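An overview of the molecular structure
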Amino acid sequence: MNKLTSKLKGNKLAQIILLVLYVLITSLSLYLAQASVTAFLLMLFSLLLLYYTELPDRLKWLIAGVVLIGVIPFVSSTGPGYQSYMEVATVVGIYVAMALGLNIVVGLAGLLDLGFVAFFAIGAYTYGIFATGQAANFMPFGTFPLSGESFWIFILIGCFVAALFGVLLGIPVLRVKGDYLAIVTLGFGEIIRIVFNNLDKPVNITNGAMGLASVKPPEIFGYQFVYPNQFYYIVLAILFLVILAVRRFEFSKIGRSWKAVRENEIAAQSMGIHLVRTKLLAFAIGASFSGMMGVVFAAKQTFVDPTSFTLLESITILVMVILGGMGSVPGVILGAAVITILNLQVLTEVTNYLNQLSLDGVISFPEALAPAKMQRFIFGAILIIFAIYRPQGLIPSKNPVFDEESLKEGSKKHRKEKITVEPDKGFQA
Amino acid sequence: MSILTVSNLTKQFGGLVAVNSVDMTVEKGSITAVIGPNGAGKTTFFNLITGVYQPDNGNVQLGSSSLVGLKPHEISRHGIARTFQNIRLFSNITVLENVMVGLHKQLKAGIVGTLFQTKKVREEEQLAKEEAYHWLEYVGLAKHLNEDAQNLSYGAQRRLEIARALATKPKLLLLDEPAAGMNPRETRELTEFIHRMREDLDVTIVLIEHDMKLVMEISEQIFVLDHGEKIAEGKPAEIRNNVKVIEAYLGKSAVTPA
Ligand SMILES: Nc1ncnc2c1ncn2[C@@H]1O[C@H](COP(=O)(O)OP(=O)(O)OP(=O)(O)O)[C@@H](O)[C@H]1O
Ligand SMILES: [Mg+2]
């Protein structure tokens, strides 16, 4: 095995051939064995392989695009499992975007936020309220529900409203640090959920615990988005933009100031970094990704109620970030995918399988270890195993590598005449 | 001409007066040392100047503007940079990025520019890398540019702190025990380096130091703190023979034989 990987290293052609072969085989098996979850997961696994190839970044993006836009939907499209696969893929996409948002707050800026799902809720309710008759209860003008065509603008509105709430919540919350911050954010997350749960009187804004039903599906030029395979593309498009944005922020002045604050607040300040503003920006940008996906979520479910936004959700997103690798974009994407698929697919499959076994009388489980109960247990055990063997996450975050030669050339223009430098001679003049 | 004027500066922690009515004037372009026994209040004095703590009383003036009440990042913008006694680097990012953080306030990139990677932002970022690299060359850490800051040797970490501070282009540079933990050779190099910085960069330097050889060799003016109070000030030769100073360091018996 080691021999094989060392042979592959540096041999791009072999890597491409292997990757293409892999995609072909998994596509074919998914195409033929329609309802096979394994085939679907193996198919998704090709993206991870792609990440580890040594191809140029642009090519990787291109291949990922082809696989995600074309291959996956196509090869799974003919069988009975189609919509359920697309549903899983869509949910993965939603969680990936949220985890990337939380990664900015926790991974880059080092602010432990246990109430992150609040911003997802804000996005969902923003669209939910206006895309149902609900808004008519308190809006003095306009006719509601708004049409599904407003969805596209609401993605932006959800983004901004969530960012705004990120700032509003951040102002009081960021006075505290460390463990206290975690507790306060946890409180705020719950407050938001409870407010949504109770804002049906005196004016009925959120319809309380009953939730908002029949949210208008997105629509463009008379074409409606109702099925998972349609939402899949919306999520993919947003996700693409989110990843692009995250990468750009991470390696910019803004990203550096987040990391500086994470590493040492006092030193960061003494370098001229405005502490509060930097933290608020992390909160706002992280929240905005969640807000956008909240809008999509509301439209996809066509139903919004407070039970979707519990503390468990916040913690799940945090687990995605930590499991994937704090501060690592590829890691967090993988973490979100792994956790979502574990929850939605693998563990339910395992449970079903065990249930079947016990029905057939092959094994009998005592009541306390019923397969359905075991699901959470297995999930927890997997997390512990990861935490022990990959404490830095599945794909630990990497620092950028700068090209010394080009900097050497450029550094000359910053030199004042009288300064002489003799590189690497220490302090010696 | 004086660049820093401190008057009547006082800071209490509960019942402890860490800095007690200290007056100090630092000449522009000079190298000044602040010395005193452990716990004398030297670091607290720096923290008051840089806004980490707010004084209970007194004034700190840089040039013509008062710094009292300003936040640390605002004081940095006024042109004061510092290093820390207990090194405070950004441990988990690269050496080059540490220095780039020092360039923070001179970079203009905003949210929109960053999102769209405008030409201006890309050029600015490239220049920042080059400039940061230049500061690494200046302190002799260029070949470590891609290492994590925490993996540097102790002496190198101290140099990186200086490079990061210089990147902010300070008028006034405060060094808190720069030679701590250095061997004699490194200390000698540091002494030369501090001289060079002053020549090359037109920067005024105030340093806290326990290494008396370095202090006497380098400083034009010395202030001595003890129990929060300034007990002496003067040229190295004056301080060396000052009775109060000898008392503070060695105890009364050193001055008045029993
Ligand atoms: N944040 C604080 N809270 C309470 N007491 C403090 C605080 N900071 C410093 N002190 C106290 O103030 C006094 C002066 O401390 P300071 O760190 O300024 O001394 P120093 O002269 O730098 O000493 P050293 O040479 O050991 O670095 C000490 O008694 C210290 O315990
Ligand atoms: Mg000290």
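Here's a quick rundown of the structure. The structure presented is a predicted model; accordingly, all values stated were derived computationally and were not measured.

Calculation criteria
- Residues numbered from 1 in each chain as written.
- Chains lettered and ligands numbered in written order.
- Predicted model: local features only at pLDDT ≥ 70, side-chain atom pairs only at ≥ 80, totals over all residues.
- Heavy atoms only, no water.
- Helix = DSSP H or I, 4+ residues; strand = E, 2+ residues; numbered from the N terminus.
- Rg over C-alpha atoms; globule rule 2.2 N^0.38 Å.
- Buried < 20%, exposed > 50% of the residue type's maximum accessible area, 1.4 Å probe, protein only.
- Contact = heavy atoms within 4.5 Å.
- Areas by Shrake-Rupley, 256 points an atom, 1.4 Å probe, with all protein chains shown as cover.
- Near = heavy atom within 4 Å.
- Polar contact = N/O pair within 3.5 Å; in protein donor to acceptor, adjacent residues only side chain to side chain.
- Nonpolar A, V, L, I, M, F, W, Y, C, P; charged D, E, K, R; others polar.
- Buried area = accessible area lost by both parts, 1.4 Å probe.
- Salt bridge = Lys/Arg side-chain N within 4 Å of Asp/Glu carboxyl O.
- Core = buried A, V, L, I, M, F, W, Y, C linked by side-chain atoms within 4.5 Å.
- Domains from an automatic or database assignment.

Further remarks concern the overall build of chain B. Within chain B one finds 10 helices and 10 strands. For 258 residues, the compact-globule estimate of 2.2 N^0.38 gives 18 Å, and the C-alpha radius of gyration of chain B, at 20 Å, lies within 12% of that figure. A buried classification covers 56% of the 258 residues belonging to chain B. The contacts of chain B with a sequence gap of at least 6 include a subset with a gap of at least 24, amounting to 67%. Surface exposure of chain B reaches about 10500 Å², of which carbon and sulfur atoms provide 51%.

Turning to the site of ligand 1, a few remarks are in order. All names here are of chain B. Around ligand 1 sit 14 residues in total, of which Lys42, Thr43, Thr44, Tyr53 and Gln85 are the nearest. A distance of 2.7 Å separates an oxygen atom of ligand 1 from a polar atom in the side chain of threonine 43. At a separation of 3.5 Å, an oxygen atom of ligand 1 approaches a polar side-chain atom of glutamate 177. Calculation on ligand 1 without its partners gives an accessible area of 630 Å², and the protein chains cover 65% of this total. Within the residue set of the shell around ligand 1, elements represented by two or more residues are strand 2 (16–27) and helix 1 (42–49). Per-element tally for the shell around ligand 1: the top contributor is helix 1, with 3 residues. In the shell around ligand 1, the residues fall into 5 nonpolar, 7 polar and 2 charged.

Glancing now at the interface of chain B and chain A. For interface size, the figure often reported is the accessible area lost on association. Taken together, the 63 residues of chain B in the interface contact 49 residues of chain A. In terms of surface lost to chain A, no three residues of chain B exceed B:His73, B:His104 and B:Glu137, which account for 12% of the buried area on that side. At the boundary of chain B and chain A, one finds 2 salt bridges. In this structure, the salt-bridge partner of A:Arg256 is B:Glu125, at a minimum N-O distance of 2.7 Å. Taken together, chain B and chain A are joined by 13 residue pairs in polar contact (both at pLDDT 80 or more). Those elements that provide at least two residues to the side of chain B that touches chain A are helix 2 (72–78), helix 3 (95–102), helix 4 (111–116), helix 5 (119–139), helix 6 (154–167) and helix 7 (184–201) of chain B. Among the elements that line the side of chain B that touches chain A, the one with the most residues is helix 5 of chain B, at 11 residues. The residue makeup of the side of chain B that touches chain A, split by class, is 27 nonpolar, 15 polar and 21 charged.

Our focus in this paragraph is the nonpolar core. If you look at the biggest cluster of nonpolar residues, it comprises 104 residues, and the most contacted ones within it are A:Tyr127, A:Trp258, A:Val296 and A:Phe309. Among the elements that line this core, the one with the most residues is helix 5 (residues 82–108) of chain A, at 19 residues. Summarising the domain contributions, this core has at least three residues from each of domain 1 (1–80) and domain 2 (86–323) of chain A. Apart from the residues lying within four places of it in its own chain, the contact partners of A:Val296 are A:Ile94, A:Phe151, A:Phe231, A:Ile234, A:Val235 and A:Ile238. B:Val99, B:Leu136, B:Ile205 and B:Ile218 belong to the second-largest nonpolar core, a separate cluster that totals 55 residues.

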